[in-house]
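# Reading the structure
Residue-level listing of the chains:
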Amino acid sequence: MAMTECSVCHSRFTATASKTVSKAYDRHRSDISSKSRALNILLVVGDCILVGLQPILVYMSKVDGSFKFSPISVNFLTEATKVLFAIMMLSFQARRQKVGEKSLLSISTFVEAARNNALLAVPALLYAINNYLKFIMQLYFNPATVKMLSNLKVLVIAVLLKIIMRRRFSIIQWEALALLLIGISVNQLRSLPEGTTALGLPVATGAYLYTLIFVTVPSLASVFNEYALKSQFETSIYLQNLFLYGYGAIFNFLGIIGTAILKGPSSFNILQGHSRATMLLIFNNAAQGILSSFFFKYADTILKKYSSTVATIFTGIASAALFGHTLTINFILGISIVFISMHQFFSPLSKVKDEPKNGSLEMIDSQNNQRSKDASFINMAARANEDASHRVEPDEKTPLLPI
C-alpha cells in the first residue's frame, strides 16, 4: 500500500485507494463554483416545467380514453429529434474549438468515443422500454398520480447508487427516502378506477404490475446513464448524447418493425393518428431527455428525481384546471410529506460525515500528539517567561531549610 505524508504534521500513514467514477469527474466535483450552482438551479426549474407538462400532454393525446397513434412512433420521433439536436450542438461546439485541439468531427474521434461509450446502449434500451410504459401507465392513473408513482424511483435509485457507484447516504437521508415512499403511498390511496379491466387482468393487478416495472426499469436506466456519462467525463456531452439517442432511435425503430410484423404493414406509418398534442409531446419529451443528460453528467440522479417531485404540484394543479381532476386531501397530504422528505434529505445536517479509514486514525493521533507537544512547549515557555519577570521579595530569599 502507498504511504502518504500529512502536510500539517508530516506523519506518515497508509492511504486507501477508493474506487471513483473517473478522475476527470472528481476534479469537476471538487470545483464547486457559483456557475455550477446556477446550472443546478436552471436544471431543476427546467425539469419541473418539462416533467410537469409531460403527463398532461399524454392525457391530451388520448381520444376516448385510448391512443389513436403508436406510442413507439412517438418515442422514435422523440429520439430522432434529440439526435438532430445533438448533431447541431456538436457542430456548433466543433466550430468553437481552439487551434491545435483534436477535432470533434474527425472519424478517429468518433470511433474512439463510440468504443469508450458503448455502455450507453444499456440505458438506451431501458429508456426505450420505459418510454413505452409511460403511455401504458396513463391508462390506469390520472396525470398527477402517475407523477407521484414515478417518484418511487428515488428509493430504488438510491439502492442502485449505493451498489453500483458506491455512494453513501446517512441514516437521516435513508429516513427521508422512506418518508418520500410514505407520501407517495398516501396519495395513491383510492386512485384506481373500480370495475374496469385491461389486458385481461383486473385493473388493480395490472396497474401494480406495470408500476413495479415502471419503477425498476427507469431506475436502472438512470444509474447506468449517470455511470456511463461520468466514467467518460472528458468526452463531449453532445457526442455522448449522439450515441445515447442514436441507440434509442435504433431500438424504437426495431419496435416499430416488430409491431408492423404483428399488426400488418399499415402500422408502419409512424405519423398515423398524430395531432398537435402529440407533436408538443414529442418536443417536450426531447427537451426533457436532453436536460436529463446534463443532470446525470454534471449534477446528480437523486437531485434529478427529487426535482421531479416538485413538478407534481404543477401537474396536479394543471390537471385539475384543464381536466377537472379533483385535488383530494390524499394528494395534498402526500405532497406535504414529499416536501418534508425533500428538505430533510438535502439538509446540511443529513450529510454523510467522512469516517476515518485505514491509517487515518494513526494520522489523527499523530496530529493530537503534535498539538499536545506544541501546547506543552508553549506552557513551558510561558512559565519561563513568568519566572524571568517575577519580582523577588525579601522574605522570599529566606532559605526553606535550616542551614
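In short, a report on the structure. (Residues numbered from 1 in each chain as written. Predicted model: local features only at pLDDT ≥ 70, side-chain atom pairs only at ≥ 80, totals over all residues. Heavy atoms only, no water.)

The geometry of helix H7 (residues 153–164) relative to helix H12 (residues 301–323) is characterised by a closest axis approach of 10 Å and an angle of 175° between their N-to-C directions. Comparing their axes, H12 and H7 come out roughly antiparallel. Only Thr301, Ile302, Lys305 and Tyr306 of H12 make contact with H7, whose side of the interface consists of Lys153, Val154, Ile157, Ala158 and Leu161. The class makeup of the residues in the contact of H7 with H12 is 6 nonpolar, 1 polar and 2 charged. (Axes fitted to C-alpha atoms, helices over the stretch in contact; angles between N-to-C directions. Helix = DSSP H or I, 4+ residues; strand = E, 2+ residues; numbered from the N terminus. Parallel < 35°, antiparallel > 145°, perpendicular 65-115°, else oblique. Contact = heavy atoms within 4.5 Å. Nonpolar A, V, L, I, M, F, W, Y, C, P; charged D, E, K, R; others polar.)

A few words on the pattern of salt bridges. Summed over all chains, the structure comprises 6 salt bridges. Note that Lys102 is salt-bridged to Glu112, the shortest N-O span being 3.2 Å. Of this pair, Lys102 sits in the loop between helix H3 (71–95) and helix H4 (107–116) while Glu112 sits in helix H4, and the two are 10 residues apart along the sequence. Linking Glu226 and Arg167 is a salt bridge whose minimum nitrogen-to-oxygen distance equals 2.9 Å. One end of the pair, Glu226, is in helix H9 (residues 203–231); the other, Arg167, is in the loop between H7 and helix H8 (171–188), with 59 residues separating them in the sequence. Here the salt bridges do not stand alone but share partners, grouping Arg167, Glu226, Lys230 and Asp300 into one network. (Salt bridge = Lys/Arg side-chain N within 4 Å of Asp/Glu carboxyl O.)

Our next topic: helix H5 (residues 121–137). Residues spaced three or four apart along an α-helix point in a common direction, a consequence of the helix completing one turn every 3.6 residues. The end-to-end C-alpha distance of H5 is 25 Å, a good match for the 24 Å that 17 residues give at a rise of 1.5 Å each. Most of H5 is tucked away: 12 of the 17 residues are buried. Among all positions of H5, only Pro123, Ala124, Leu126, Tyr127, Ala128, Asn130, Asn131, Leu133, Lys134, Phe135, Ile136 and Met137 are buried. (Expected span 1.5 Å × (residues − 1). Buried < 20%, exposed > 50% of the residue type's maximum accessible area, 1.4 Å probe, protein only.)

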